[in-house]
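# Observations on the model geometry
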Amino acid sequence: DTAWVNAVTADQMQASFRIKLVDPERYETVTDALTGRDGVEEVNDQRDQLEPLFDILNKLTLLSGALAAVMILTALLLMPTTIRLSAMSRRNETEIMRYVGASNFFIELPFILEGIISALIGSLLAVLGLWVTVKYFISDWLGQALSWMRIIDTADVLRLGPALVLASVVVAGLASWITLRRYARV
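Described below are features of the structure shown in this document. Since the model is a prediction, treat every value here as computed from it, not as a measurement.

### A look at the nonpolar core
Counting residues in hydrophobic clusters, the biggest one holds five residues: Ile83, Ala87, Phe111, Ile112 and Leu180. Elements supplying a minimum of two residues to this core: α3 (46-89) and α5 (104-145). Excluding anything up to four places from it in sequence, Ile112 contacts Gly173, Ser176, Trp177 and Leu180.

### A closer look at the packing of aromatic side chains
Pairs of aromatic rings are described using the distance from one ring centre to the other and the angle between the two planes. The tally for this structure, following the rule as stated, stands at one aromatic pair. An angle of 75° between the planes, with centres 5.5 Å apart, marks the rings of Phe105 and Phe106 as edge-to-face. Take Phe106: its relative accessible area is 49%, and that puts it in the partly exposed class. The cationic tip of Lys135 hangs over the ring face of Tyr136; the distance from NZ or CZ to the ring centre is 5.8 Å.

### Let's talk about the environment of Ile151
Within the secondary structure, Ile151 is located in the loop between α5 and α6 (154-183). The exposure class of Ile151 is buried, given its relative accessible area of 18%. Put simply, Ile151 and Asp45 are 106 residues apart on the chain and 24 Å apart in space, counted from C-alpha to C-alpha. In this view, Ile151 contacts Ile138, Leu142, Gly143 and Leu146; residues no more than four positions away in its chain are not counted.

### Some remarks on the side chain of Ser86
Within the secondary structure, Ser86 sits in helix α3. With a relative accessible area of 11%, Ser86 lands in the buried category. The contacts of Ser86, once residues within four sequence positions are left out, are Phe111 and Glu114.

### Quick look at the packing of α3 against α5
Interaxial distance between α3 and α5 falls to 11 Å at its minimum, and their mutual angle equals 135°. Compared by their axis directions, α3 and α5 come out oblique. Considering the relative orientation of α3 and α5, their crossing is right-handed. Within the contact between the two elements, α3 uses Ile83, Ser86 and Ala87 and α5 uses Phe111, Glu114 and Gly115.

### Considerations on a nonpolar patch on the surface
Together, Leu53, Phe54, Ile56, Leu57, Leu60, Leu63, Leu67 and Trp148 give the surface a local cluster of nonpolar side chains, amounting to about 750 Å² of exposed area. Looking at Leu60, the relative accessible area reads 48%, which means it is partly exposed.

### Some points on the packing of α3 against helix α4 (residues 91-99)
α4 packs onto α3 with a crossing angle of 70° between their chain directions and a minimal axis gap of 5 Å. Taken as axis vectors, α3 and α4 run roughly perpendicular relative to one another. Here Ala87, Met88 and Ser89 of α3 come into contact with α4, specifically with Arg91, Glu93 and Thr94. Of the residues in the contact of α3 with α4, the class split is two nonpolar, two polar and two charged.

Basis of the calculations
- Residues numbered from 1 in each chain as written.
- Predicted model: local features only at pLDDT ≥ 70, side-chain atom pairs only at ≥ 80, totals over all residues.
- Heavy atoms only, no water.
- Core = buried A, V, L, I, M, F, W, Y, C linked by side-chain atoms within 4.5 Å.
- Buried < 20%, exposed > 50% of the residue type's maximum accessible area, 1.4 Å probe, protein only.
- Helix = DSSP H or I, 4+ residues; strand = E, 2+ residues; numbered from the N terminus.
- Contact = heavy atoms within 4.5 Å.
- Phe/Tyr/Trp six-rings, centres within 6.5 Å; stacked < 30°, edge-to-face > 60°.
- Lys NZ or Arg CZ within 6 Å of the ring centre and 35° of its normal.
- Axes fitted to C-alpha atoms, helices over the stretch in contact; angles between N-to-C directions.
- Parallel < 35°, antiparallel > 145°, perpendicular 65-115°, else oblique.
- Left-handed = near helix turned anticlockwise from the far one by under 90°.
- Patch = residues over 30% accessible without salt bridge, like charges linked within 9 Å, V, L, I, M, F, W, Y side chains within 5 Å.
- Areas by Shrake-Rupley, 256 points an atom, 1.4 Å probe, with all protein chains shown as cover.
- Salt bridge = Lys/Arg side-chain N within 4 Å of Asp/Glu carboxyl O.
- Nonpolar A, V, L, I, M, F, W, Y, C, P; charged D, E, K, R; others polar.

Here you go:
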């Protein structure tokens, strides 16, 4: 019921129109209203095209979570072994400390600090590597290709980085302490 309906011919019209719905869950209403009308060849729901992409992304998310769990388990198994090897290689120094009356805390402290410092350096390097990857590969390269999608950026990494560093330091400290509790006992 507008003036341009009589003035525009079919060849002047666009090949397709996109309708953005306020409530996408009610797309059947629009499909029913437009299907079979003059000038409407077909009505497509974009979700039919995007669902396979989202399924792939969800599966990749699960895969990355599983890989992260394997990496955490590996780190938790390697830390006690490394701490024990370090303590065994310094067995003479540990025995001397015991002979002069050092408490278990003072015997364990250098090993715990060694684990914490190693974890701190490793986690800082990991966050730096994550920042570089997000900056140059995800934000700059992938972000331009997928401008319609919100992609993580360096601000997200900087917001998450301190929590990752703190978690690695706490896990390394606890793993060192728990490992040395049994080893440092007289």
